[in-house]
Amino acid sequence: MYKARREKLAAMLPENAMLFVLSGKNVHSVGDEMYPFAVDRNFYYLTGIDRSDMMYMLVKKDGEVQDMLVIERFDEMMAKWVGAKMLPAEATEISGIGQIVMDDEKWCTIHRMMARQFDHEANLNVYADLTKQDIDQVTPAYAFINEFTSKYPHLTVNNAAPMLTKLRIIKADAEVEKISKAISVTNKAILNMMDHSEAGIGENVLEAHFDFVLKCNKCKRAFPTIVGSGKNGTVLHYGENNQIAEDNTLALCDLGAAYENYSADITRTFPVNGKFTERQKQIYNIVLEANEMIISAVKPGLTLRGLNNMVIEFYEKKLAEIGLLENGKKVSDYYWHGVSHMLGLETHDVQLSNYELEPGNVFTVEPGLYLEEEGIGIRIEDDVLVTEDGCINLSKEIIKTVEDIEAYMAK
Ligand code: GLY
Ligand code: MN
Ligand code: MN
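A brief report on the enclosed structure follows. (Residues numbered from 1 in each chain as written. Chains lettered and ligands numbered in written order. Predicted model: local features only at pLDDT ≥ 70, side-chain atom pairs only at ≥ 80, totals over all residues. Heavy atoms only, no water.)

**Quick word on the side chain of Thr 165**
- In this structure, Thr 165 sits in helix 7 (residues 161-168).
- Classification of Thr 165 by relative accessible area gives buried; the value is 9%.
- Those residues in contact with Thr 165 that lie beyond four places of it in its chain are Val 350, Gln 351 and Leu 352. (Helix = DSSP H or I, 4+ residues; strand = E, 2+ residues; numbered from the N terminus. Buried < 20%, exposed > 50% of the residue type's maximum accessible area, 1.4 Å probe, protein only. Contact = heavy atoms within 4.5 Å.)

Laid out in structure tokens, this is it:
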């Protein structure tokens, strides 16, 4: 699978090309502690290896492709303290890459290729994955490329990220299976939250009931969990989760398990005491109708922006009917995010601008309504797979109607 992906990427590269994709670095938090390591998703996509301080390297010359993996040298003392570095045989076993280069030999290897294969030619096409989240960020790839261009200042470097995005945006069956596994663990974990929910429970306690099921099922959480009760549910990325969920409030729970780095991203909103008030039910059913309307509309050729416009149009009608658009109020006072984003190795997965949906895309459908003054925040989020003529709701097993939630919680 990883070899097939690398072959596809190689075919997209021009002749006379070199490509570098780095796995990332461990980052210090306080003292000698490290943040949890998150592998670069393009590196993982190409190699299947979830380790820091590695680099995938590819050379394409006269139609011939050669690739190799740079890894750290085994260090006996480090092995005793924090665990062994991956040995070359294991790296080959996982990735299928036969040629392994030790990190302390990488510049010699690169230089030999530059001299022998490319005669230091100026029209060599150099590629690296140069994705970054903010302008000042120096990712390991930027640090490497800075060093590379200081050694070879006559070469310019291109961004390989758009090519990798074109590959990653269509999910293979094996990827859909991993997302589905993450969704099924998320389902169990949401039921465990509902099992333990009651008026006066701490948002943190609800979160703990979610985490417990993830740990028991060898999953990590895909992103910081949101458990917002009452008014906290109207703050889109509320992550404190440290308030008491009062009687007659709703808990908006936006969460997901990650299985082998593939994310689920689900939101369910339920009454902490097991019973919706009439007003909560009224607003909930509008959001649910929007969620189901979008899921039945999805098909190839549409755009995520087009789907969001459908939600806004629907809310314009529905919110007017119940008087929420009086006194100059607009839909954007109650709903101000997009209805969808791609899902995969990242929760907010890679996306192309003005992209028209194709079979194999996986994305979220997550309309919401946020009535801050009434302390009602509702979002209902499912994960769907685009097919030839519609979509499959991968999270259809997770209960979401008022009747099903109330019946389940009554038990
Ligand atoms: N959990 C973040 C989102 O739904 O996009
Ligand atoms: Mn979410
Ligand atoms: Mn989402």
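**As for the environment of Ile 190**
- Its location among the elements puts Ile 190 in helix 8 (residues 173-196).
- Residue classification places Ile 190 among the buried residues on the basis of a relative accessible area of 3%.
- Sequence separation of Ile 190 and Ala 251 is 61 residues, and the distance between their C-alpha atoms is 12 Å.
- With near-sequence residues (within four places) excluded, Ile 190 lies in contact with Leu 255, Ile 266, Arg 268 and Ile 398.

**Quick look at unusual backbone geometry**
- Even without a glycine there, the phi angle at Asp 53 is positive, about 55°.
- Relative to the helices and strands, Asp 53 is located in the loop between helix 2 (41-47) and strand 2 (55-61).
- A positive phi is found at Lys 218, a non-glycine position, where the angle reads about 55°.
- Residue placement: Lys 218 occurs in the loop between helix 9 (203-216) and strand 8 (220-221).
- Among the residues examined, Lys 218 registers a relative accessible area of 77% and is labelled exposed.

**Considerations on the site of ligand 1**
- If you check the shell around ligand 1, you find Phe 223, Asp 254, Asp 265, His 341, His 348, Glu 366 and Glu 381 and nothing else.
- Contact distances for ligand 1 include 3.1 Å between a nitrogen atom and a side-chain N or O atom of Asp 254.
- Interatomic distance of 3.1 Å between a side-chain N/O atom of Asp 265 and an oxygen atom of ligand 1.
- Within the complex, the protein chains bury 91% of what would otherwise be the 200 Å² of accessible surface of ligand 1.
- Tallied by class, the residues present in the shell around ligand 1 amount to one nonpolar, two polar and four charged. (Near = heavy atom within 4 Å. Polar contact = N/O pair within 3.5 Å; in protein donor to acceptor, adjacent residues only side chain to side chain. Areas by Shrake-Rupley, 256 points an atom, 1.4 Å probe, with all protein chains shown as cover. Nonpolar A, V, L, I, M, F, W, Y, C, P; charged D, E, K, R; others polar.)

**A closer look at the sheet that holds strand 12 (residues 257-259)**
- Taken together, three strands build an open sheet; the order of strands is 8-12-13 and the sheet is antiparallel. The open sheet has two free edges, formed respectively by strand 8 and strand 13 (262-263), since each of these has just one partner strand.
- With two bridges joining them, strand 12 and strand 13 adopt antiparallel strand pairing. Counterpart to Tyr 259 in the pairing with strand 13 is Tyr 262. (Pairing = 2+ DSSP bridges.)

**Thoughts on the coordination of the manganese ion (ligand 2)**
- Summarising the metal site, the manganese ion (ligand 2) is bound by the protein donors Asp 254 (OD), Asp 254 (OD), Asp 265 (OD) and Glu 381 (OE), whose distances to it range over 2.0 to 2.6 Å.
- Here the manganese ion (ligand 2) is ringed by six donor atoms whose angles at the metal span 54 to 169°, and the overall shape comes out irregular.
- For the manganese ion (ligand 2), the single-chain donor residues occur in sequence as D-x10-D-x115-E.
- In this structure Glu 381 comes out as buried when scored by relative accessible area, which is 0%. (Donors = N, O, S within 2.8 Å, 3.2 Å for Na, K, Ca; no water. Tetrahedral: all angles 85-135°; square planar, octahedral: opposite > 155°, others 65-115°.)

**A short note on the nonpolar core**
- Core analysis: the largest hydrophobic core is formed by 97 residues, its most contacted members being Leu 19, Tyr 56, Phe 270, Tyr 315, Phe 363 and Leu 369.
- When residues of this core are assigned to their parent elements, the largest contribution, nine residues, is made by helix 8.
- For Leu 369, the contacting residues outside a window of four places in its chain are Ile 283, Ile 286, Val 287, Tyr 315, Leu 319, Tyr 334, Tyr 335, Ile 376, Gly 377 and Ile 378.
- In this structure, Met 114, Phe 118, Ala 141 and Leu 155 belong to the second largest nonpolar core, which totals 24 residues. (Core = buried A, V, L, I, M, F, W, Y, C linked by side-chain atoms within 4.5 Å.)

**Structural notes on the side chain of Thr 139**
- The topology assignment puts Thr 139 in the loop between strand 5 (125-128) and helix 6 (140-151).
- Among all residues touching Thr 139, those that are not within four sequence positions of it are Thr 131 and Lys 132.

**Let's talk about the packing of aromatic side chains**
- Applying the stated criterion across every chain, the model contains nine aromatic pairs.
- Ring centres of Phe 20 and Phe 144 lie 4.9 Å apart, and the angle between their planes is 55°; on these two criteria the pair is classed as tilted. Of this pair, Phe 20 sits in strand 1 (residues 17-22) while Phe 144 sits in helix 6, and the two are 124 residues apart along the sequence. Side by side, Phe 20 and Phe 144 carry an identical accessibility label, which is buried.
- Note on Phe 276 and Tyr 284: the rings are 5.0 Å apart at their centroids and 65° apart in plane angle, and the pair reads as edge-to-face. (Phe/Tyr/Trp six-rings, centres within 6.5 Å; stacked < 30°, edge-to-face > 60°.)

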